[in-house]
Amino acid sequence: MAPRYSAFLSYSHRDKAVVVWLHRTLETYRVPSKLVGLETSLGITPARLLPLFRDRDELPASDDLGSAITAALAASQFLVVICSPAAAASRWVDQEILSFTRMHGEGRIYALIASGEPFASASPETADQECFPPSLRFRIGPDGELSNEPAEPIAADIRPEGDGKRLAKLKLAAGLLGVELDALVQRETHRRIRRMAIISSAAVVGMIFAVGLAFYANARRIEANQQRQVAEREAATARATADYLVDTFRLSEPSTQNPRTITALSILDRSAERARTELADQPVVLARLISTLGMAYNNLGLANEARQAIEGSAPAIAKAGADGADAQLTLAGTYLMLGQLDRAMTTVAKAQATLGPDPANRPDVRVRAAVTEGMIHAAAGETTKGIAAFDRALAVYRTSPGLNPARLATVLQARGNLLSDDGQFAAAETSLGEALKLNRSTLGDHHMETGQTWFALAQNAFLAGDLPLAETRIANALKIEREVLDPDNPIIADALSMQGQIYQAQKRLVEAERSLEQAVAIYKKAFAGPHYLIGIAEVYLALVESERGRTEMALRILDDAKHNYDVSYGRIHPNHGDLLVNRATILARAGRRNEARTDCAEGLKILAQTMGPQASYTKSMTAVCAQI
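Rules used in this analysis
- Residues numbered from 1 in each chain as written.
- Predicted model: local features only at pLDDT ≥ 70, side-chain atom pairs only at ≥ 80, totals over all residues.
- Heavy atoms only, no water.
- Helix = DSSP H or I, 4+ residues; strand = E, 2+ residues; numbered from the N terminus.
- Expected span 1.5 Å × (residues − 1).
- Buried < 20%, exposed > 50% of the residue type's maximum accessible area, 1.4 Å probe, protein only.
- Arc of directions from axis to C-beta.
- Contact = heavy atoms within 4.5 Å.
- Salt bridge = Lys/Arg side-chain N within 4 Å of Asp/Glu carboxyl O.
- Pairing = 2+ DSSP bridges.
- Axes fitted to C-alpha atoms, helices over the stretch in contact; angles between N-to-C directions.

Asks: Describe helix H14 (residues 341–355), listing the residues and the values that go with them.
Replies: For an α-helix, the turn length of 3.6 residues means that residues three or four places apart are oriented alike. Over its 15 residues, H14 runs 22 Å from end to end, which matches the ideal 21 Å to within 8%, given 1.5 Å per residue. If you check which residues of H14 are buried, you get Leu341, Ala344, Thr347, Val348, Ala351 and Leu355. Around the axis of H14, the buried residues are gathered within 125° of arc, so they sit on the same side. For H14, the exposed residues lying more than 90 degrees away from the buried face are Asp342, Lys350 and Ala353. Looking at the buried positions of H14, the neighbouring elements they touch are helix H13 (325–337), helix H15 (363–379) and helix H24 (551–569). Of the residues flanking the end of H14, it is Gly356, one or two places downstream, whose phi is positive at about 80°.

Asks: Could you give an account of the pattern of salt bridges, naming the residues involved and the relevant values?
Replies: Inspection of every chain in the model, using the stated rule, returns 30 salt bridges. Put simply, Asp566 and Lys562 hold a salt bridge, and the shortest N to O gap is 2.8 Å. Pair noted here: Asp566 and Lys562 are both in helix H24, with a separation of four residues, about one helical turn. For Lys562, a relative accessible area of 38% gives the class partly exposed. One salt bridge connects Glu595 with Arg592, and the closest N-O pair in it is separated by 2.8 Å. Under the relative-accessibility criterion, Glu595 is labelled partly exposed at 37%. Counted as one network, the salt bridges with shared partners bring together Glu117, Asp157, Arg159 and Glu161.

Asks: Just give me the short version of the sheet that holds strand S6 (residues 109–113), but keep the residues and values in it.
Replies: The strands making up a sheet associate through hydrogen bonds between their backbones, and the pairing can be parallel or antiparallel. Strand order in the open sheet formed by five strands is S4-S1-S5-S6-S9, with parallel pairing between adjacent strands. Strands at the two margins of the open sheet, each flanked by one partner only, are strand S4 (52–53) and strand S9 (154–157). Bridging between strand S1 (residues 5–10) and S4 involves two bridges; their strand directions are parallel. Looking across to S4, one finds that Ala7 is bridged to Leu52. Across the sheet, helix H4 (residues 91–104) lies against S1, strand S5 (76–83) and S6, angled at about 150° from S5, the strand it touches most.

What follows is the structure, given as structure tokens:
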């Protein structure tokens, strides 16, 4: 039977602070992606450690450990003992070690030295400093009782003069995962350096922006009283933001951590926790920071972490009024990434309501709100509403000179995507071409936004039927995205999915299958559950299997794609209609024309209900069904 717990944590309650830290650290530890899936002596390396068992109350005053503790020991793969003079004197800790050894042997016990000295009991002068309980110091005899033979427990040491907290954590993680410590340290170091580069850049930009706000506020002090109050508020916010960012980088423990290898994720997690507790009485500062942290999480592909951070600060964001709109829009974008379209639209509506009716109030945030709304409509297959939202964003640009040109490129690109979906390929090409020109001039040829625009242009060429041009453009997108993103980022999966669709249309089935399966694997890891993007890639995988003559396999893949659509959309969506028409194509290829005609009729009905009978895509699918 597989163990229920990765490890049982045995400790004296005097060491509760240490065990709380260890429990949280190990259960939230993310195994480096390149080690996940490796075959070890313990089996396949997981992405996370199994739950750890930690009893929370004092044990009863009896000689029996209790059935719950005994069952937990039996269900644990390892035993981790928090070693200290208090633990060495605890008969309960000693009994837990003894019971575990009798059940599993001595090879699955790890010690973590929190205080005291190992084997100090060998001398009467230092006996009170002994940290190892008797069942760790001596081996168990054939009769199941302690012998006089000394044992050599495997130990990590969190003391500053020992391993320190970081290395001790990695030692324990390596043991619990069954991987080499050197491999774990190297992967962890690479990951920390990569993520630290991202967050450090963001922090520098944020601090420069904060200083700019402070100068701006100071220059406006001579204006009218109302303007002066606004300026002073901005200055205070800027100072608080700058101080907060600086203090965030003091969170590391210089005695136990190498500042060059602190992870971006650890800084983000600590920042979010600090913001909620320390800035609760400064809602404007909190809203701005939590929005920035949410975007940083999303850029790392950590949408669930972004959602938790922003939702946890909801009361303060509401108190911030219009200053909280940016945080609400970040949350809406996070819901969109997670496929929760209804929640995304509701959150956008809240943000727009806080901005009020005056179009001159915060034009940059209004642009972002309109763009986010348009993207949600696009994901829901509501083309006309989406284009209208993007046109509103462009109207704000026309009346608000000086807005960021990179944001204008985002609007043009999103609008071009929807025009392409509506079959207006020439208009889409114009809008997307302008976006590419802006991104290349303002951001450069190796920026992620430039790569995203190449992706949009590839999709437009694909839908217009120009497959060679689409292939060239998606290669440009992938080259840029692989330069700037981790290999398991879902943005790369989007490009791989599109590349697979292009190859499938070119009848290059082996290449199509490879790209689509890579996309599905990344999506499943990123979303940890059903998602419409998985369904889209699976539809094309089904077409590949159909063209190989594997009809039943193709139909099973489509069933899973439908499940992803059902859970993600929560209602009938144009992609349901598209899936049914593709299913009809697969059935017709296998000679099952009656079933194919039934699916075609149902698919066209859904497309007419969701997109309209006159929509370009509805008409193109009608033409496909006419051939069946």
